[in-house]
Amino acid sequence: MSPVAWVPCDAAALSVGADAVAAALEAAGVTVRRNGSRGMLWLEPLVELETDRGRVGYANVEPGDVDAVLSGALDDGDRCVGVVDEHPWLARQHRVSFTRVGVTEPTDLAAYRAHGGLAGLERALTLTDEQVVAEVTESGLRGRGGAGFPAGIKWDTVRKASADVKFVCCNADEGDSGTFADRMLIEGDPFTLIEGMTIAAVAVGATEGFVYLRSEYPHAIRTLRRAIDIAYAHGVLGGSVLGSGHRFDLDVRVGAGAYICGEETSMLDSLEGKRGEVRAKPPIPALQGLFGQPTVVNNVLTLSAVPMVLADGGAAYAALGTGRSRGTQVFQLGGNVAHGGIVEADFGISLRELVEDFGGGTASGRPVKAVQVGGPLGAYLPPAKFDLPMDYEAFAAADAMVGHGGIVVFDDSMDAGAMARFAMEFCAKESCGKCTPCRVGSTRGVEVIDRIRAGTQREANLVLLDDLCTTMTKGSLCAMGGLTPMPVRSALEHFPEDFGVEPAAAEAVTDDMPESATSTPGGARP
Amino acid sequence: MRQRGPSPAPAPAPADPERAASVRSIAEQLAGVRGPLLPILHEVVETHGHVHDDDVPVIAEVLNLSRADVLGVVSFYHDFRRTPPATHRVALCRAEACQARGAEATYAAASDRWAGSTEVEVGEVFCLGNCALGPSGTLDGTLHARLTPDRLDALTEEWVR
Ligand SMILES: Cc1cc2nc3c(=O)[nH]c(=O)nc-3n(C[C@H](O)[C@H](O)[C@H](O)COP(=O)(O)O)c2cc1C
Ligand code: SF4
Ligand code: FES
């Protein structure tokens, strides 16, 4: 029998040459199977060889290494990471949503079932719609796209609305720098998302669903489309979901390179074939969403937590986590980090554990200067803040946000003033243009930061920046303009020297940080 | 384009009837889906490389929209490019996580190297979801990691400068 090797087909693994490794293994007579990535991205391509002990991993394999992998010549060195399931980096995590990612072949429905898949949907189909929503409410599951809004409440609003047609839309726009969990879930275990969306549809009485998937993710688009076809062929989707009589049709729609289309109402307009401009709320999408119909809009990770919630019960999920942040969060370590990748852990884990214990510090080996948590609209935090627990409320209280769980690490060569400028510049570039504080304020923000950094009337311009940030925070229609001040103010607060500013002068600007999640303009996103 | 027969002053380039027929067929095939405009525009770019000004009235007619509506959508999204792509395309990520790993140096080197080139176009993107292995970018659509200026050089060695 020929040896069996697993080579990830995840885009990150492909970006460092996994396909060539797979081809070389096949040429050497090995049976190659393709999995998603385990999320230990610094080890990619991570090839796993099936043995009596389990799947043994070899890190950073190149085509020329294939003979050494097969002959055992690497077994005593650093490149062999042992039985992958027992790797300490994985063993210390709590994989719930990502339990199958990297383990199974992404579009193998039988393997999905064998590893616990479809149990949640099967149970949901034995419950009333009200009971399904009650499980989700009890789980305490909150939106993973950024705003942390309770999923159960949203679902119940859609469930109670009466309409001829209702929709479930998955937000897979994942535009935040430093986030890639949506992509890896879709590429590594797409049936989990399909199952979560189907449960949502059954619970709220929706018959049609869309996944709005960004065009920057061609591999995810392909894998998800294939998985949907397979789900139809096996009666998971279509006229009678698992024979229940519920209809649910699901389609993938591809974004077109606009960051703002991650904002849910902009996404809905884009799905309708319009410019992705943000809608004023109310009406909320739960009542008047896609084509004016009641619509569930949830992030990939929110929906992907649902199968487990239904399979094991809401109480089991609610037993994990801390405070009002229940369950697990799929954290993503990126940027200048030694051990970047996916860390799924219960809420409450500290930033320090993530950055230092899992991340292993910077990739450059230099000291960590700051991390940005929660994407381009999130705060920059210095190591002095690393004891913060990952918890929506604790972060909001620290003028920061958990967001989609992305953590970007910077070493001491980072220029916080340049990053603040970039935040304004990015906002100017990606603003949908609908409201003035964001459209004009961001452009002005770039100019004002330039003047501060150049030392031109620094005091006066600091006051101006403060005003500008306040106007953007208070006057923007959505969180794009509303939260851009967060990275700007946090950079200035923690690293005033990068603006050429004395710490005391910076204080005036940073006193008035954007307010917490719940008071965000438009309520779209903390 | 060569002109046939005696032709007075330079006339505007005649619309390409073959292309118009193809665009019409794409639009007609997708017209029945919900919110068909984005899928149609994606397909046009996929098939023809870009959305030409002449494609707009064709799509507008099939969908029963005004030209301004279609143009408004085309111009809103980065993906719906309105000029043909160069022979080779470099798209480099300039978002935060890649900046933390030196993306700006790579972008500057690439912009420099291919300044004025008609063969190679250099563009920026904001996050490709490969944020732990940056600087990331795509070369003719294929994703690459750890794109230092040197590695970019090596990977594009065979391209015309
Ligand atoms: C500028 C902006 C960009 C956003 N981008 C995303 C995104 O890429 N993915 C996402 O799920 N939510 C994004 N959101 C949040 C959505 O508006 C919305 O809150 C979310 O999709 C709701 O799903 P959830 O409750 O499951 O998080 C964004 C919000 C804003 C203001
Ligand atoms: S804040 Fe910016 S992105 Fe949001 S609606 Fe206003 S202009 Fe559009
Ligand atoms: S920030 Fe460059 S790939 Fe995500």
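That block above? That's the structure.
Residues numbered from 1 in each chain as written. Chains lettered and ligands numbered in written order. Predicted model: local features only at pLDDT ≥ 70, side-chain atom pairs only at ≥ 80, totals over all residues. Heavy atoms only, no water.

## Quick look at the environment of Trp-89 of chain A
All names here are of chain A. With respect to the element layout, Trp-89 can be found in helix H4 (residues 88–91). A relative accessible area of 4% means that Trp-89 is categorised as buried. Expressed as a C-alpha distance, the spacing of Trp-89 and Glu-195, which sit 106 residues apart in the sequence, is 28 Å. The contacts of Trp-89, once residues within four sequence positions are left out, are Gly-39, Met-40, Trp-42, Leu-333, His-339, Gly-340, Gly-341, Ile-342, Val-343 and Phe-358. A distance of 2.8 Å separates the side chain of Trp-89 from the backbone oxygen of Phe-358, its partner in a polar contact. (Helix = DSSP H or I, 4+ residues; strand = E, 2+ residues; numbered from the N terminus. Buried < 20%, exposed > 50% of the residue type's maximum accessible area, 1.4 Å probe, protein only. Contact = heavy atoms within 4.5 Å. Polar contact = N/O pair within 3.5 Å; in protein donor to acceptor, adjacent residues only side chain to side chain.)

## Re the pairing of strand S13 (residues 341–346) of chain A
Residues and elements named next belong to chain A. Summarising burial for S13: five of the six residues are buried, a large majority. Across six bridges, the pairing between strand S12 (residues 328–335) and S13 is antiparallel. Counterpart to Phe-331 in the pairing with S13 is Val-343. Once S12 ends, the chain turns through five residues before running back antiparallel as S13. (Pairing = 2+ DSSP bridges.)

## A word on the side chain of Arg-55 of chain A
All names here are of chain A. Along the chain, the position of Arg-55 falls in strand S4 (residues 54–58). Look at Arg-55 and you get buried, because its relative accessible area is 15%. Only 2.8 Å separates the side chain of Arg-55 from the backbone oxygen of Val-103, close enough to count as a polar contact.

## A closer look at helix H18 (residues 436–454) of chain A
All names here are of chain A. Here H18 is 19 residues long and its end C-alpha atoms lie 26 Å apart, about the 27 Å a rise of 1.5 Å per residue gives. Within the sequence span of H18, burial applies to Pro-437, Cys-438, Gly-441, Ser-442, Gly-445, Val-446, Val-448, Ile-449 and Ile-452. The secondary structure elements touched by the buried residues of H18 are helix H17 (416–430), helix H19 (458–475), helix H20 (479–483) and helix H21 (485–494). Gly-455 sits one or two positions beyond H18 and adopts a positive phi of about 80 degrees. (Expected span 1.5 Å × (residues − 1).)

## A closer look at the site of ligand 1
All names here are of chain A. Taken together, 22 residues lie around ligand 1, and Gly-145, Asn-171, Asn-298, Asn-299 and Thr-302 are the ones closest in. Between Asn-171 and ligand 1, the recorded distance is 2.9 Å, taken from a side-chain N or O atom to an oxygen atom. Contact distances for ligand 1 include 3.5 Å between an oxygen atom and a backbone N or O atom of Val-297. Out of a free accessible area of 610 Å², ligand 1 has 98% covered by protein chains. (Near = heavy atom within 4 Å. Areas by Shrake-Rupley, 256 points an atom, 1.4 Å probe, with all protein chains shown as cover.)

## With respect to the pattern of salt bridges
All names here are of chain A. Applying the stated criterion across every chain, the model contains 42 salt bridges over all chains. Put simply, Asp-269 and Arg-279 hold a salt bridge, and the shortest N to O gap is 2.7 Å. Within this pair, whereas Asp-269 is found in helix H12 (residues 264–271), its partner Arg-279 is found in the loop between H12 and strand S9 (295–299), the two being separated by 10 residues in sequence. The network of salt bridges with common partners includes Arg-38, Glu-48, Arg-55 and Asp-85. (Salt bridge = Lys/Arg side-chain N within 4 Å of Asp/Glu carboxyl O.)

The values are spatial; any link to function lies outside them.
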